Amino acid sequence: MVNRAARNIGPVVLLGPPGAGKGTQAKQIVDRYGVPQISTGDLLRDHVSRGTEIGLAAKAIMARGELVTDELIYGIVAERLRQADCKRGFVLDGFPRTAAQAGWLDALLEKTFFENLPTPENAATLEKCAPVVIQLLVDYTQLLPRLTGRRSCPTCGRLYNLHFQPPLVNELCDVDGSKLVVRSDDREEVIAERLAAYEAQTKPVADYYRVRRRLVPVNADRPVEEVTAQVFDAIDSHYPAGC
Ligand code: AP5
């Protein structure tokens, strides 16, 4: 495959239910295009583990499998997107997750391009660099084994699955030998709540992007490498000349 790491891409949004493979595919995009992964779940878990004010506000909500408030998320995302490594593009994993968050993101990107003047050139760039939204479609029967079998390395972040991508040595990371960990919200009762939140609040996000012709559905019920090939195709078709 051609390495396009030197080419700038615009924002990539990965949309899908818990366990669809957003984090898995985000890591492939990072490796290929050299852009950062912005996972709102990871950012929130980091706040929780550091015991920050945001972490204290989010902890119980996340433990129940519900969505934290939009206002809490906006501050975290805005701060992360201001960092220099996002200039060449970025992949959003777990954001936006409500139609309001999708509208907020569009407004933020518009403000970035129209900071000075709404010139025709700025408008063209805004159009060219509108996010590509990749919807990972998975049969719901696959989600439970994906989530209950998920393990991750606390040192390098590599993801495993006891059923589908097991480590070479039981419960140890192939890369650095660390003991793999289970996410605290990967318990069946919390998974049910996370899926309910997805159905009620996140499904409308697909409609938001569908009417704007930015939604690219991908069959995520395939082995990881096959899903990745479809994801790269979607990005390359959306940003044929960079951004
Ligand atoms: P978050 O961390 O975003 O969790 P999630 O959306 O529930 O998604 P997951 O991380 O569980 O799944 P994934 O799609 O990334 O799958 P993965 O690649 O790991 O959010 C956690 C919480 O934070 C939320 O509940 C909420 O409280 C809060 N939050 C976060 N963002 C928010 C926002 N914007 N607004 C409000 N609240 C927010 O894969 C899963 C497993 O499957 C792995 O084991 C993997 O190896 C395996 N796998 C992946 N692909 C395949 C494949 N093709 N075939 C077989 N196995 C596969």
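That block above? That's the structure.
Let me begin by describing the structure that accompanies this report. (Residues numbered from 1 in each chain as written. Predicted model: local features only at pLDDT ≥ 70, side-chain atom pairs only at ≥ 80, totals over all residues. Heavy atoms only, no water.)

Focus on the site of the ligand
Quick note on the threshold: A molecule or strand has a residue near it when one of that residue's heavy atoms lies within 4 Å. Identification of polar contacts relies on pairs of N or O atoms within 3.5 Å, with a donor-acceptor requirement for protein atoms, meaning one able to donate a hydrogen and the other able to accept it, and with residues adjacent in sequence counted only if both atoms are side-chain atoms. For the accessible areas, the method is Shrake-Rupley and the probe is 1.4 Å, while residue cover comes only from the protein chains on display. We count a stretch as a helix when DSSP gives it H or I for four or more residues in a row; a strand needs E for two or more, and each element gets its number in order from the N terminus.
Around the ligand, 37 residues are found, and the nearest of them are Thr24, Glu66, Arg150, Gln165 and Arg194. Between the ligand and the protein, one listed contact pairs an oxygen atom with a backbone N or O atom of Glu66 at 2.5 Å. Between a nitrogen atom of the ligand and a main-chain N or O atom of Val68, the distance comes to 3.1 Å. Here the ligand, which alone exposes 1,000 Å², has 97% of that area covered by the protein. Elements that contribute at least two residues to the shell around the ligand include exactly helix 1 (22-33), helix 2 (40-50), helix 7 (140-148), strand 6 (159-161) and helix 9 (224-238).

Overview of the sheet that holds strand 7 (residues 215-219)
Rule in force here: At least two DSSP bridges between two strands are needed for those strands to be called paired. Every axis corresponds to a line fitted to the C-alpha atoms, with the helix fit spanning only the stretch in contact, and the corresponding angles, defined between N-to-C directions, vary from 0 to 180 degrees.
Within the open sheet, the 5 strands sit side by side as 2-3-1-4-7. Their pairing is parallel. One side of each edge strand has no neighbouring strand; the edge strands of this open sheet are strand 2 (37-39) and strand 7. Strand-to-strand twist across the sheet, computed as the mean angle between neighbouring axes with direction ignored, equals 25 degrees. Pairing analysis gives 4 bridges linking strand 1 (residues 12-15) to strand 4 (residues 132-137), with the strands arranged parallel. In the sheet register, Leu14 faces strand 4, and the bridge partner there is Ile134.

What to know about the packing of aromatic side chains
Condition: Geometry of aromatic contacts follows a simple scheme: Phe, Tyr and Trp rings, the Trp one being its six-membered ring, pair when their centres are within 6.5 Å, and the pair is stacked under 30 degrees between planes, edge-to-face over 60, tilted otherwise. To sort residues, take the accessible area from a 1.4 Å probe on protein chains only and compare it with the maximum for the residue type: under 20% means buried, over 50% means exposed, and anything in between is partly exposed. Should the NZ of a Lys or the CZ of an Arg lie within 6 Å of a ring centre and within 35 degrees of the ring normal, that charge is described as sitting over the ring.
By the definition in use, this model includes 4 aromatic pairs. Measuring from centroid to centroid gives 4.6 Å for Tyr74 and Trp104, while their planes differ by 10 degrees, and the two rings are stacked. Linking Tyr74 in helix 4 (residues 70-81) with Trp104 in helix 5 (residues 99-113), this pair joins segments that are 30 residues apart in sequence. Just as Tyr74 is buried, Trp104 falls in that class too. Pairing Tyr208 with Tyr209 gives two aromatic rings, centres 5.1 Å apart and planes at 85 degrees, and the pair type is edge-to-face. When sorted by exposure, Tyr208 lands in the same class as Tyr209, which is buried. Members of the aromatic cluster, connected to one another through ring pairs, are Tyr74, Phe95 and Trp104. The cationic tip of Arg32 hangs over the ring face of Phe232; the distance from NZ or CZ to the ring centre is 4.5 Å. If you follow Arg212 out to its NZ or CZ, it ends over the ring of Tyr208, 3.7 Å from the centre.

Comments concerning the packing of helix 4 against helix 5
Just so we agree on the cut-off: By definition in this entry, angles of less than 35 degrees are roughly parallel, angles greater than 145 are roughly antiparallel, angles of 65 to 115 are roughly perpendicular, and the rest are oblique. Helix crossings get a hand from a simple test, with the near helix turned counterclockwise from the far one by less than a right angle marking a left-handed crossing and a clockwise turn marking a right-handed one. Two residues form a contact once any of their heavy atoms are found within 4.5 Å. All amino acids are sorted into three groups, where Ala, Val, Leu, Ile, Met, Phe, Trp, Tyr, Cys and Pro are nonpolar, Asp, Glu, Lys and Arg are charged, and the leftover types, Gly among them, are polar.
Where helix 4 meets helix 5, the axes come as close as 11 Å, and the angle between the chain directions of the two elements is 30 degrees. Taken together, the axis directions place helix 4 and helix 5 in an arrangement best described as roughly parallel. Two packed elements cross with a definite hand, and for helix 4 against helix 5 that hand is right-handed. Seen from helix 4, the contacting residues are Asp70, Ile73, Tyr74, Val77, Ala78 and Leu81; seen from helix 5, they are Ala100, Gln101, Trp104, Leu105 and Leu108. Among the residues making up the contact of helix 4 with helix 5, the classes are represented as 9 nonpolar, 1 polar and 1 charged.

Concerning the nonpolar core
As a rule of thumb, nonpolar side chains are buried together in soluble globular proteins. Where we set the bar: Each nonpolar core is a collection of buried residues, namely Ala, Val, Leu, Ile, Met, Phe, Trp, Tyr and Cys, held together in the definition by side-chain atoms within 4.5 Å.
Core analysis: the largest hydrophobic core is formed by 28 residues, its most contacted members being Leu105 and Tyr209. When residues of this core are traced back to their parent elements, those giving at least two are strand 1, helix 3 (53-64), helix 4, helix 5 and helix 8 (188-211). For this core, the leading source of residues is helix 4, giving 6 residues. The residues touching Leu105, leaving out its near neighbours within four places in the chain, are Val13, Leu81, Leu92, Phe95, Pro96, Pro131 and Tyr209. Ala20, Ala26, Leu136 and Leu147 belong to the second-largest nonpolar core, a separate cluster that totals 25 residues.

Quick word on the pairing of strand 1
Moving residue by residue along a regular strand, the side chains alternate between the two faces of the sheet. Of the two faces of strand 1, both are covered, the one formed by Val12 and Leu14 as well as the one formed by Val13 and Leu15. In this structure, strand 1 lies alongside strand 3 (residues 91-93), joined through 3 bridges in parallel fashion. Bridging from a neighbouring strand, Leu14 pairs with Asp93 of strand 3.

Points about helix 2
Selection criterion: Read the arc as the range of directions from the helix axis to the C-beta atoms.
Residues of helix 2 that are buried: Thr40, Gly41, Leu44 and His47. Considered in projection along helix 2, the buried side chains sweep an arc of 125 degrees and stay on one side of the axis. Residues of helix 2 that are exposed and point over 90 degrees away from its buried face: Ser49 and Arg50. Residues of helix 2 that are buried in the fold lie against strand 2, helix 3, helix 4 and strand 3. Just past helix 2, the residue Gly51 takes up positive phi, approximately 65 degrees.

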